[in-house]
Structure formats: structure tokens, C-alpha cells
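Residue-level structural notes
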Amino acid sequence: MEKFTQLNNTAVPLPMEDIDTDQIIPARFLKATTREGFGENLFRDWRYEQDNTPKDFILNNKTYDGKILVAGKNFGCGSSREHAAWALYDYGFRVVVSSFFADIFKGNALNNGLLPITVSPEFLNDLFLSIEKNPKSDVTVDLKVQRITILEDGKFENFEIDPYKKMCLINGYNDIDYLISKKDKIEAFEKKQIIF
């Protein structure tokens, strides 16, 4: 995974609540077992007609772009497909901000290098208003101090993250990478053990 410490980027607003994993990546696209290629079908049914004609949807609007997706409450609900995190990451998002995430989606996101940030409803509203006012305004996410800041007006909020997952993101580790990073200590411990 890519290391994540700080991101300063523009954001894409998606002020809809209860966005489920089937809307994020429809089930008919879940045929692959590798993480690549899912981004092109992110929000597929919202982005395109059946004949592939683009719809009037935020990801098709050239006004908005960036590596931060700002979404409404209860993002990632529904089935527990890891492909939803894969699709968001493959599309180019590195952060998703919401006032509430489904637990399984949140875990899948963190396991795949995508940072889900839970903020208060008030701060989420401030983010939406800031993006509406100036789509090119930057948002800074500082994982080390666990803070998200709207640069245009200086408003910020601290966020919570599991310490282990934070360490993994900062170092670019998945769970296996973490174990490999401890290989020398594990081997030293094993050598000290008495075998009967």
C-alpha cells in the first residue's frame, strides 16, 4: 500500500445519505479477484446510462475533482463487499469523509489504504458549503495529528482512528507487511524459547 501521512487536495461532494456498497460498485462488476480496474465502474449506475452515455452526476462534472470524497451520513452500508473500497481507491480517492460509516466498510477501507474520516454533522455541512462556494479550495488531512482542515476558512476537526490502523497507513503496511516488519523480533523470540 501507499504510505499516507498528509494529503492536501480538493474534494468531490456527494451529499447523499445511505450510499450502499451496491451503489458504490454494482454486483455485476465483482468478477475479478485483484484490486485493479474497479475504478472505472465506481458508481456505475449513477454515472452512465445503459448505453454508456454519461449522466448528470458529480463524477462526470469537470468542476469537481480531487482525492477526497465527501459523502452524506451512513456511507458504505449494505453488503460487506471489499470491492467497494477497491473501487474508490482505484478511481483515485484516498480519503472518504462522512458523519457515519458502516463498520464493515470502514474496516475494508482501512485495510486497503483508504482513510475513512468520521466528522460531526456540523463539520460535514461546513465541508459541503466550502466545496459549493469554491470547488477548487483545498482540504488538508493530517493523519499524524488526526486533523482535517478546510484551508479556505481554517475550520478544522480532529478525528479518531485505531492506533494500529494509523500506524499501518503511515508505514504503507497491510497486516502481512506489519508481520514481516517484525520478522527479526519474532525470530529472536523463537530462538529464546525452550523446545522439549
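In this report, the structure presented in the accompanying data block is examined. Since the model is a prediction, treat every value here as computed from it, not as a measurement. (Residues numbered from 1 in each chain as written. Predicted model: local features only at pLDDT ≥ 70, side-chain atom pairs only at ≥ 80, totals over all residues. Heavy atoms only, no water.)

1. Some thoughts on the pattern of salt bridges
If you walk through the whole model with that rule in mind, you get six salt bridges. A salt bridge links Asp 65 to Lys 136; its shortest N-O distance comes to 3.6 Å. Here Asp 65, found in the loop between helix 2 (44-47) and strand 3 (68-71), pairs with Lys 136, found in the loop between helix 5 (121-133) and strand 6 (139-142); they are 71 residues apart in sequence, far enough to count as distant. Residue Lys 136 is classed as partly exposed on the basis of its relative accessible area of 47%. (Salt bridge = Lys/Arg side-chain N within 4 Å of Asp/Glu carboxyl O. Helix = DSSP H or I, 4+ residues; strand = E, 2+ residues; numbered from the N terminus. Buried < 20%, exposed > 50% of the residue type's maximum accessible area, 1.4 Å probe, protein only.)

2. Description of the packing of helix 3 (residues 83-91) against helix 4 (residues 103-111)
In a pair of packed helices, the angle between the axes and the distance between the axes together describe the arrangement. At their nearest, the axes of helix 3 and helix 4 sit 8 Å apart, and the two run at 50° to each other. With respect to helix 4, the axis of helix 3 lies oblique. Where helix 3 crosses over helix 4, the two elements pack in a sense that is right-handed. Counted together, Ala 84, Ala 85 and Leu 88 of helix 3 and Phe 105, Asn 108 and Ala 109 of helix 4 form the full contact between these two elements. (Axes fitted to C-alpha atoms, helices over the stretch in contact; angles between N-to-C directions. Parallel < 35°, antiparallel > 145°, perpendicular 65-115°, else oblique. Left-handed = near helix turned anticlockwise from the far one by under 90°. Contact = heavy atoms within 4.5 Å.)

3. Overview of the nonpolar core
By size, the foremost hydrophobic cluster in this structure holds 53 residues, and its most contacted members are Phe 43, Phe 75, Leu 88 and Leu 115. Leaving out residues up to four positions away in the same chain, Leu 88 has contacts with Ile 24, Leu 42, Phe 43, Leu 69, Phe 75, Phe 93, Val 96, Phe 105 and Leu 114. (Core = buried A, V, L, I, M, F, W, Y, C linked by side-chain atoms within 4.5 Å.)

4. Looking at the sheet that holds strand 4 (residues 95-98)
Adjacent strands of a sheet form backbone hydrogen bonds with each other and so pair up, either parallel or antiparallel. In spatial order, the strands read 2-3-4-5; together these four strands make up an open sheet with parallel pairing. A single partner strand is all that each edge strand has here, and the edge strands are strand 2 (11-14) and strand 5 (115-118). Along the sheet, successive strands turn relative to each other by an average axial angle of 20°, direction set aside. Sheet topology note: the strand 4/strand 5 ladder contains four bridges and is parallel. Bridging from a neighbouring strand, Val 96 pairs with Pro 116 of strand 5. (Pairing = 2+ DSSP bridges.)

5. A word on helix 3
Of all the residues in helix 3, the buried ones are His 83, Ala 84, Ala 85, Trp 86, Ala 87 and Leu 88. Tucked into the core, helix 3 has its buried residues touching helix 1 (21-24), strand 3, strand 4 and helix 4. In the stretch just after helix 3, Gly 92 is the one whose phi turns positive, near 125°.

6. Structural notes on the packing of aromatic side chains
Inspection of every chain in the model, using the stated rule, returns nine aromatic pairs. When the centroid spacing of 5.8 Å and the interplanar angle of 55° are considered together, the rings of Trp 46 and Phe 57 count as tilted. Highlighted residues: Trp 46 in helix 2 and Phe 57 in the loop between helix 2 and strand 3, separated in sequence by 11 residues. Relative accessible area serves as the criterion here: at 10%, Phe 57 is assigned to the buried category. Summarising the aromatic geometry, the rings of Tyr 91 and Phe 93 are spaced 5.4 Å apart at their centres and angled 25° between planes, so their arrangement reads as stacked. (Phe/Tyr/Trp six-rings, centres within 6.5 Å; stacked < 30°, edge-to-face > 60°.)

7. Details of the environment of Pro 121
Topologically, Pro 121 is positioned in helix 5. A relative accessible area of 54% means that Pro 121 is categorised as exposed.

8. A look at helix 6 (residues 163-171)
Because an α-helix packs 3.6 residues into every turn, residues spaced three or four apart end up facing the same way. Here helix 6 has its buried residues at Lys 165, Lys 166, Cys 168, Leu 169 and Ile 170. Contacts from the buried residues of helix 6 go to helix 4, strand 5 and helix 7 (175-181). Residue Asp 162 occupies the N-cap position of helix 6, its side-chain oxygen lying 2.9 Å from the main-chain nitrogen of Tyr 164. Just beyond helix 6, the residue with positive phi is Gly 172, at close to 75°. (Polar contact = N/O pair within 3.5 Å; in protein donor to acceptor, adjacent residues only side chain to side chain.)

9. Structural notes on the side chain of Gln 146
Looking at where Gln 146 falls in the secondary structure, it is placed in the loop between strand 6 and strand 7 (147-150). For Gln 146, a relative accessible area of 17% puts it in the buried group. At 2.8 Å, the side chain of Gln 146 and the backbone oxygen of Phe 159 are in polar contact. Non-local contacts of Gln 146, meaning those with residues more than four positions away in its chain, are made with Glu 157, Asn 158, Phe 159, Glu 160, Ile 161 and Lys 166.

Function cannot be read off these values alone, since they describe shape.
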